[in-house]
Amino acid sequence: MTPALPRRAFLAGAVAIGVGTGFEVLSVTPAHAAPGTPEIFDCTAWNARPPTSAVSLAGNNPNKILVHHTDFPNTPDATQADSFAIAKEIQDLHIDHNGWIDSGQHFTISRSGVIMEGRHRSLERLKAGSNMVVGAHCPGQNSSAIGIENNGTYMTEAPPAVLYGALTGMCAYICWQYGLSASEIYGHRDFLSTTDCPGDVLYGMLPQLRLDVAAEVDPGGRVWPSLGQGTDGENVRALQYLLTQTGRSLGVDGDFGPATASAVEDFQKAAGLTVDGVAGATTWELLVPPRRNGSSGAAVTAAQRLLNLHGSSLTADGVFGSLTASAVKAFQTAGGLPADGVVASNTWSRLLATP
Ligand SMILES: [Zn+2]
């Protein structure tokens, strides 16, 4: 659905090296650590009104990103002042017409790709990587989803490439900061059936956006195992833990049976991937979340068990503390990766390589 936009190099250069090898290659570029930090203009920069009452914090991290369009005309917003005027127009509408305390969305992107804070404190919390601001952009999701308003109407027209690029970079930064996998990017309509937001065309671009975000969260060359029914072992167990982390219920036994295949198919369907029940490169790309000191859960257990396969002696308790961080750094150093102690895509892919 993105004919007007260039596909990222990592996909254009994708090479599958054959099912028989059990591994798939998605890129040949060298590894880097972390996505770039996009330029984000805070509420002060665009001269926002103060909120009518204090914004609330959710007490938790977001578990997803929701993509919106503003439904405003697709007129140019060529200058920075034009972009700031969009943020102000939305805030005025939300306060004066909707009666909300502040802008409903956490962030706004203009058609010229200028990224702005929406609701106050959203940028502060994003930089901290914890305790998101409660928004007002989708009923039922305001304490769990970061909302991004993309200026324009994308029912029949694609967003400008510069907007798409800014959205990709922004989503990558949010995923990195809050530990989200790229599969956790949705359209507003996925959670509110009565809206056509973010427009048919932008909605149709979300599968590609997820892949582009994954490539940007942790840029670099990656090889992934290809696992299907009948396979077994620690990589299958890691896959099962990661699927559990997404909220799907399945047994974690290291055997790839029908229940695992169903969970993979369900994941692929939700992410807009080809549904074949085989965990290959694109499935892994969207499945693995960044994990670091302070993280906990099934994905951490998976990482700890894989680190142990590669020579560590961690308790696989799903709690990422300083011992796990040290083990990650040692593993990264030994493998020539930047030793940042974060298990992101490049480190995941190395951990899943045969020791
Ligand atoms: Zn919306």
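These numbers were taken from a predicted model, which means no experiment stands behind them. Along each chain, residue indices are assigned from 1 in the same order as the chain's sequence is written. A pLDDT threshold of at least 70 governs which residues receive local features in this predicted model, and a stricter bar of 80 or more applies before side-chain atom pairs are shown or counted, although totals over entire chains, interfaces and linings include all residues. As a convention, hydrogens and water are excluded, and side-chain values are obtained from all of the structure's heavy atoms.

J.: Go over the overall build of the chain, please, and point to the residues and values.
T.: Each helix and strand in the chain was counted, giving 12 helices and 8 strands. Here the radius of gyration uses the C-alpha set of atoms, whereas the globule reference equals 2.2 Å times the residue count to the power 0.38. The C-alpha atoms of the chain give a radius of gyration of 20 Å, which matches the 20 Å a tight globule of 355 residues would have. Over its C-alpha atoms, taken along the principal directions, the chain stretches across nearly 60 × 40 × 35 Å. The rule is simple: take the accessible area with a 1.4 Å probe, protein chains only, and divide by the maximum for that residue type; under 20% is buried, over 50% is exposed, in between is partly exposed. Put simply, the chain has 355 residues, and 54% of those count as buried. Here, residues are in contact when the closest pair of their heavy atoms is within 4.5 Å. A separation threshold of at least 6 residues defines the contact pool for the chain, and within that pool the share at least 24 residues apart is 69%. When the 21 positive and 31 negative side-chain charges of the chain are each reduced to one mean point, those points stand 5 Å apart. Numbering of helices and strands starts at the N terminus; helices are DSSP runs of H or I of at least 4 residues and strands are runs of E of at least 2. Residues counted as positive are Lys and Arg, residues counted as negative are Asp and Glu, and His and the chain ends are not counted. By convention, charge coordinates are those of NZ in Lys, CZ in Arg, CG in Asp, or CD in Glu.

J.: Tell me about the domain arrangement of the chain, residues and numbers included.
T.: Annotation of the chain at the domain level lists domain 1 (7-217) and domain 2 (227-352). Residue ranges assigned to each domain were obtained from an automatic or database domain assignment. Taking only C-alpha atoms into account, the centre of domain 1 sits 26 Å from that of domain 2. Between domain 1 and domain 2, the residue contacts involve 21 residues of the former and 23 residues of the latter. In short, buried area is how much 1.4 Å probe accessible area vanishes from two parts on joining, totalled over both. Across the domain 1 to domain 2 interface the summed buried area is about 1700 Å²; carbon plus sulfur atoms make up 63%. The term salt bridge refers to a side-chain nitrogen of Lys or Arg lying within 4 Å of a carboxyl oxygen of Asp or Glu. Counting every contact that joins domain 1 to domain 2 gives 0 salt bridges. Whenever two N or O atoms come within 3.5 Å, that pair is a polar contact, provided that in protein one can donate a hydrogen and the other can accept it, and provided that, for residues adjacent in sequence, both atoms are side-chain atoms. At the boundary of domain 1 and domain 2, one finds 5 residue pairs in polar contact (both at pLDDT 80 or more). Counting only elements with at least two residues in the side of domain 1 that touches domain 2, the list comes to β1 (23-25), α4 (161-178) and α6 (206-217). For this scheme, ten residues count as nonpolar: Ala, Val, Leu, Ile, Met, Phe, Trp, Tyr, Cys and Pro. Four count as charged, namely Asp, Glu, Lys and Arg, and the remainder, Gly too, count as polar. Taken together, the residues that form the side of domain 1 that touches domain 2 break down as 14 nonpolar, 5 polar and 2 charged.

J.: Would you mind going over the coordination of the zinc ion in detail, with residue names and values included?
T.: Looking at the metal site, the zinc ion is ligated by H68 (ND1), H188 (ND1) and C197 (SG), spaced 2.0 to 2.3 Å from it. Read from N- to C-terminus, the donor residues coordinating the zinc ion fall into the pattern H-x119-H-x8-C. In this pair, H68 is assigned in strand β3 (residues 64-69) and H188 in the loop between β7 (185-187) and α5 (200-204), connecting sequence segments 120 residues apart. Like H68, the residue H188 is buried in the burial classification. Sites may look incomplete because water is not among the atoms; the donors themselves are N, O and S atoms within 2.8 Å of the metal, or within 3.2 Å for Na, K and Ca.

J.: Any chance you could break down the environment of A271 for me, citing the residues and the numbers?
T.: Among the secondary structure elements, A271 is positioned in helix α8 (residues 258-271). Classification of A271 as buried rests on a relative accessible area of 1%. Sequence separation between A271 and T52 is 219 residues, and the spatial gap between their C-alpha atoms is 38 Å. In this structure A271 touches P207, R210 and L286, once residues within four positions along its chain are discounted.

J.: Explain empty space enclosed by the protein to me, using residue names and the numbers behind them.
T.: Put plainly, a pocket is an open set of points on a 1 Å grid over the protein atoms alone with protein on both sides within 12 Å along at least five of seven lines, a cavity is a set where a 1.4 Å probe fits but cannot get out, and a lining residue has an atom within 4 Å of a point. Grid points are joined across faces, edges and corners, and a volume is the space filled by probe spheres set on the points. Using the criterion set out here, one finds 2 cavities of 30 Å³ or more in the structure. Size it by volume and the second largest cavity reaches roughly 60 Å³. Taken together, L180, S181, A182, A214, V217, E285, V288, P289, P290, A344 and S345 form the lining of the second largest cavity. Class assignment of the residues belonging to the lining of the second largest cavity gives a composition of 8 nonpolar, 2 polar and 1 charged. For the lining of the second largest cavity, the domains that each give at least three residues are domain 1 (7-217) and domain 2 (227-352).

J.: Describe helix α10 (residues 298-309), naming the residues involved and giving the relevant values.
T.: Taking 1.5 Å per residue, 12 residues should reach 16 Å; α10 reaches 17 Å between its end C-alpha atoms and fits that length. Most of α10 sits inside the fold, with 9 of its 12 residues counted as buried. Along α10, the positions that sit buried rather than exposed are A298, A299, V300, T301, A302, A303, Q304, L306 and L307. Contact partners of the buried residues in α10: α7 (234-245), α11 (322-334) and α12 (345-351). Once α10 finishes, G311 follows within two positions and takes phi at roughly 110°, a positive value. Expected span, for any helix, means 1.5 Å times one less than how many residues it has.

J.: Hey, could you go over the sheet that holds β7 for me, with residue numbers and the actual values?
T.: Sheet strands associate in pairs through backbone hydrogen bonding, adopting either a parallel or an antiparallel arrangement. Paired strands, as defined in this entry, are two strands with at least two bridges between them according to DSSP. Within the open sheet, the 6 strands sit side by side as β2-β5-β4-β6-β3-β7. Their pairing is mixed. Each having just a single partner strand, β2 (40-41) and β7 make up the two edges of the open sheet. In this sheet, strand β6 (residues 145-150) lies alongside strand β4 (residues 107-109) in parallel orientation, the contact comprising 3 bridges. Of the residues in β6, the one forming a bridge with I109 is N150. Axis geometry follows a simple rule: fit a line to the C-alpha atoms, using only the stretch in contact for helices, then measure angles between N-to-C directions, giving values from 0 to 180 degrees. The strands that α4 touches are β2, β3, β4, β5 (115-117), β6 and β7; relative to β6, the one it contacts most, it runs at about 165°. Running at roughly 160° to β7, α6 makes contact with β3 and β7 of the sheet.

J.: An account of unusual backbone geometry is requested, with residue identities and associated values reported.
T.: A cis amide bond links C197 to the next residue, P198, at an omega of 10°. Within the secondary structure layout, P198 lies in the loop between β7 and α5. Residue N47 is not a glycine yet carries a positive backbone phi of 65°. With respect to the helices, strands and loops of the structure, N47 is situated in the loop between β2 and β3. For N47, a relative accessible area of 56% translates into the label exposed. Its identity as a non-glycine residue notwithstanding, N131 has a phi of 50°, on the positive side. Summarising the element assignment, N131 is placed in the loop between α3 (122-128) and β6. In this structure N131 comes out as partly exposed when scored by relative accessible area, which is 23%.

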